[in-house]
Amino acid sequence: MTPIQSEKNKRSYATAITLAVLLLVVLLTCVPYLVSIALAEGPGTVEASPIFGVTIPPGYKQWELIAPAEEAAPLDELRAVVGNQTAIDAYQAGKLPFPDGTILVKRAWKRKQSPEFASATIPGAATTVQVMVKDSKKYASTGGWGFGRFVNGKPVDEAQHRSCWGCHEARARSRDYVFTRLAP
(Lines give C-alpha, C1' and ligand atoms only; values in the text may rest on other atoms or scores of the structure.)
Protein backbone atom coordinates (compact mmCIF):
# COMPACT_ATOMS: atom_id res chain seq x y z
CA MET A 1 0.00 0.00 0.00
CA THR A 2 1.40 3.40 -0.94
CA PRO A 3 1.41 6.35 1.49
CA ILE A 4 -1.30 8.03 -0.61
CA GLN A 5 -3.58 4.97 -0.41
CA SER A 6 -2.96 4.73 3.33
CA GLU A 7 -3.95 8.40 3.78
CA LYS A 8 -7.14 7.86 1.70
CA ASN A 9 -8.05 4.83 3.85
CA LYS A 10 -7.56 6.87 7.04
CA ARG A 11 -9.81 9.65 5.69
CA SER A 12 -12.45 7.14 4.60
CA TYR A 13 -12.36 5.51 8.02
CA ALA A 14 -12.62 8.92 9.76
CA THR A 15 -15.55 9.88 7.53
CA ALA A 16 -17.31 6.58 8.28
CA ILE A 17 -16.80 7.07 12.04
CA THR A 18 -18.12 10.64 11.82
CA LEU A 19 -21.22 9.52 9.91
CA ALA A 20 -21.83 6.68 12.38
CA VAL A 21 -21.60 9.07 15.34
CA LEU A 22 -23.91 11.55 13.60
CA LEU A 23 -26.45 8.79 12.88
CA LEU A 24 -26.30 7.64 16.51
CA VAL A 25 -26.94 11.21 17.73
CA VAL A 26 -29.91 11.58 15.38
CA LEU A 27 -31.38 8.25 16.52
CA LEU A 28 -30.90 9.02 20.20
CA THR A 29 -32.53 12.39 19.68
CA CYS A 30 -35.51 11.22 17.62
CA VAL A 31 -36.42 7.85 19.10
CA PRO A 32 -37.66 9.17 22.49
CA TYR A 33 -39.79 11.74 20.65
CA LEU A 34 -41.30 9.11 18.35
CA VAL A 35 -41.95 6.77 21.27
CA SER A 36 -43.70 9.56 23.21
CA ILE A 37 -45.96 10.24 20.21
CA ALA A 38 -46.83 6.56 19.93
CA LEU A 39 -47.60 6.31 23.64
CA ALA A 40 -49.67 9.51 23.59
CA GLU A 41 -51.91 7.96 20.96
CA GLY A 42 -52.61 5.03 23.26
CA PRO A 43 -52.44 1.31 22.75
CA GLY A 44 -52.58 -0.25 19.32
CA THR A 45 -55.87 -2.04 20.00
CA VAL A 46 -58.82 0.29 19.52
CA GLU A 47 -62.17 -0.70 20.96
CA ALA A 48 -65.33 0.48 19.22
CA SER A 49 -68.54 1.62 20.85
CA PRO A 50 -71.47 -0.80 20.85
CA ILE A 51 -74.30 -0.06 18.40
CA PHE A 52 -72.37 2.57 16.40
CA GLY A 53 -68.86 1.15 16.08
CA VAL A 54 -67.29 4.54 16.83
CA THR A 55 -63.69 4.63 18.08
CA ILE A 56 -61.55 7.29 19.72
CA PRO A 57 -59.86 9.07 16.82
CA PRO A 58 -56.05 9.10 16.84
CA GLY A 59 -54.48 12.49 17.48
CA TYR A 60 -57.67 14.09 18.84
CA LYS A 61 -55.78 15.69 21.73
CA GLN A 62 -54.08 17.97 19.20
CA TRP A 63 -57.32 19.06 17.51
CA GLU A 64 -58.56 22.63 17.65
CA LEU A 65 -60.85 23.73 20.47
CA ILE A 66 -64.45 24.42 19.51
CA ALA A 67 -65.69 25.39 22.98
CA PRO A 68 -65.15 24.73 26.68
CA ALA A 69 -68.02 23.94 29.03
CA GLU A 70 -68.67 23.43 32.70
CA GLU A 71 -71.11 20.83 33.97
CA ALA A 72 -72.70 21.57 37.35
CA ALA A 73 -73.43 19.10 40.13
CA PRO A 74 -73.82 16.20 40.29
CA LEU A 75 -71.21 15.74 37.52
CA ASP A 76 -68.99 18.69 38.49
CA GLU A 77 -66.96 18.46 35.30
CA LEU A 78 -64.91 20.68 33.06
CA ARG A 79 -65.30 19.82 29.40
CA ALA A 80 -63.66 20.76 26.14
CA VAL A 81 -65.09 19.97 22.74
CA VAL A 82 -62.53 19.65 19.96
CA GLY A 83 -63.06 18.87 16.30
CA ASN A 84 -61.27 17.55 13.26
CA GLN A 85 -60.58 19.94 10.38
CA THR A 86 -63.91 19.11 8.71
CA ALA A 87 -65.71 20.17 11.90
CA ILE A 88 -63.66 23.35 12.29
CA ASP A 89 -64.29 24.36 8.67
CA ALA A 90 -68.05 23.76 9.06
CA TYR A 91 -68.23 25.76 12.29
CA GLN A 92 -66.26 28.67 10.82
CA ALA A 93 -68.47 28.72 7.71
CA GLY A 94 -71.65 28.40 9.80
CA LYS A 95 -72.52 25.31 7.75
CA LEU A 96 -75.47 23.19 8.88
CA PRO A 97 -76.00 20.35 8.56
CA PHE A 98 -72.45 19.32 9.29
CA PRO A 99 -70.82 17.50 6.37
CA ASP A 100 -70.02 13.81 6.44
CA GLY A 101 -66.59 13.25 7.95
CA THR A 102 -67.18 15.71 10.80
CA ILE A 103 -65.83 14.36 14.09
CA LEU A 104 -66.45 16.03 17.44
CA VAL A 105 -64.75 14.88 20.64
CA LYS A 106 -65.79 15.97 24.11
CA ARG A 107 -63.10 15.54 26.75
CA ALA A 108 -64.22 15.71 30.37
CA TRP A 109 -62.47 16.01 33.74
CA LYS A 110 -63.63 16.32 37.33
CA ARG A 111 -63.28 19.95 38.24
CA LYS A 112 -61.23 20.91 41.25
CA GLN A 113 -60.01 24.07 42.90
CA SER A 114 -56.57 25.25 41.89
CA PRO A 115 -54.04 24.94 44.73
CA GLU A 116 -52.30 28.07 43.44
CA PHE A 117 -55.29 30.34 42.86
CA ALA A 118 -58.36 30.05 45.12
CA SER A 119 -60.91 31.36 42.63
CA ALA A 120 -59.72 29.14 39.76
CA THR A 121 -61.17 25.78 38.80
CA ILE A 122 -58.84 23.36 37.02
CA PRO A 123 -59.15 19.90 35.47
CA GLY A 124 -58.81 17.00 37.87
CA ALA A 125 -59.09 13.33 36.99
CA ALA A 126 -60.27 12.53 33.44
CA THR A 127 -63.80 11.12 33.38
CA THR A 128 -64.91 10.46 29.79
CA VAL A 129 -64.15 10.94 26.13
CA GLN A 130 -67.30 11.25 24.02
CA VAL A 131 -67.21 11.09 20.24
CA MET A 132 -69.70 12.02 17.51
CA VAL A 133 -69.03 10.99 13.91
CA LYS A 134 -71.10 12.30 10.98
CA ASP A 135 -71.89 9.75 8.28
CA SER A 136 -75.36 10.40 6.89
CA LYS A 137 -75.66 6.98 5.22
CA LYS A 138 -74.19 4.77 7.93
CA TYR A 139 -76.08 6.51 10.75
CA ALA A 140 -79.24 7.51 8.86
CA SER A 141 -81.52 6.33 11.69
CA THR A 142 -79.78 8.63 14.21
CA GLY A 143 -79.73 11.91 12.30
CA GLY A 144 -76.51 10.99 10.50
CA TRP A 145 -74.49 10.74 13.71
CA GLY A 146 -72.72 7.82 15.36
CA PHE A 147 -71.83 8.05 19.04
CA GLY A 148 -69.13 6.72 21.32
CA ARG A 149 -68.61 7.21 25.04
CA PHE A 150 -65.38 5.96 26.59
CA VAL A 151 -64.06 5.69 30.14
CA ASN A 152 -60.35 4.97 30.49
CA GLY A 153 -60.22 4.30 26.75
CA LYS A 154 -62.91 1.60 26.90
CA PRO A 155 -66.43 2.00 25.51
CA VAL A 156 -69.24 2.09 28.05
CA ASP A 157 -72.08 -0.42 27.83
CA GLU A 158 -74.78 -0.60 25.18
CA ALA A 159 -77.46 0.88 27.45
CA GLN A 160 -75.50 4.11 27.87
CA HIS A 161 -74.99 4.33 24.10
CA ARG A 162 -78.71 3.90 23.49
CA SER A 163 -79.34 7.12 25.47
CA CYS A 164 -77.12 9.31 23.25
CA TRP A 165 -79.46 9.73 20.30
CA GLY A 166 -82.59 10.42 22.35
CA CYS A 167 -80.94 13.27 24.21
CA HIS A 168 -79.50 14.88 21.06
CA GLU A 169 -82.74 14.41 19.14
CA ALA A 170 -84.86 15.99 21.87
CA ARG A 171 -82.64 18.97 22.63
CA ALA A 172 -80.53 19.87 19.58
CA ARG A 173 -82.57 19.01 16.49
CA SER A 174 -82.32 22.54 15.05
CA ARG A 175 -78.51 22.47 15.24
CA ASP A 176 -78.04 19.16 13.38
CA TYR A 177 -78.25 17.39 16.76
CA VAL A 178 -75.10 19.09 18.09
CA PHE A 179 -75.19 20.97 21.40
CA THR A 180 -71.85 22.73 21.15
CA ARG A 181 -71.55 26.10 19.46
CA LEU A 182 -68.27 27.63 18.39
CA ALA A 183 -66.82 29.76 21.18
CA PRO A 184 -66.47 33.41 20.19
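Here the structure is shown first, and the text comes after it.
Presented here is a report on the structure given in the accompanying data block. (Residues numbered from 1 in each chain as written. Predicted model: local features only at pLDDT ≥ 70, side-chain atom pairs only at ≥ 80, totals over all residues. Heavy atoms only, no water.)

### Some remarks on the sheet that holds strand β5 (residues 145-151)
Strand order in the open sheet made by the 6 strands is β1-β2-β3-β4-β5-β6, with antiparallel pairing throughout. Two strands bound the open sheet, and with one partner strand each, they are β1 (64-71) and β6 (154-155). Bridge count for strand β4 (residues 121-134) against β5 is 6 bridges, and the pairing is antiparallel. Across the sheet, Val129 pairs through a bridge with Phe150, a residue of β5. This element, helix α3 (residues 158-171), spans β4, β5 and β6 of the sheet and lies at about 130 degrees to β5. (Pairing = 2+ DSSP bridges. Helix = DSSP H or I, 4+ residues; strand = E, 2+ residues; numbered from the N terminus. Contact = heavy atoms within 4.5 Å. Axes fitted to C-alpha atoms, helices over the stretch in contact; angles between N-to-C directions.)

### Digging into the pattern of salt bridges
Pairing between side chains of opposite charge can happen when the charged atoms of each approach one another. A full pass over the atoms with the stated rule returns 8 salt bridges. The partner of Glu47 in a salt bridge is Lys154, and the shortest N-O contact between them spans 2.8 Å. A residue pair is termed long-range when its members are at least 10 positions apart, and Glu47 in the loop between α1 (3-40) and β1 and Lys154 in strand β6 qualify at 107 residues. In this structure Glu47 comes out as partly exposed when scored by relative accessible area, which is 33%. On the basis of relative accessible area, Lys154 is assigned to the partly exposed category, the value being 46%. (Salt bridge = Lys/Arg side-chain N within 4 Å of Asp/Glu carboxyl O. Buried < 20%, exposed > 50% of the residue type's maximum accessible area, 1.4 Å probe, protein only.)

### Brief notes about the nonpolar core
Among the nonpolar cores identified, the biggest contains 27 residues, and Ile66, Leu104, Val105, Val131, Trp145, Phe147 and Val178 are the most heavily contacted of them. Of all the elements in the fold, those that place two or more residues in this core are β1, β2 (77-83), α2 (85-93), β3 (103-113), β4, β5 and α3. (Core = buried A, V, L, I, M, F, W, Y, C linked by side-chain atoms within 4.5 Å.)

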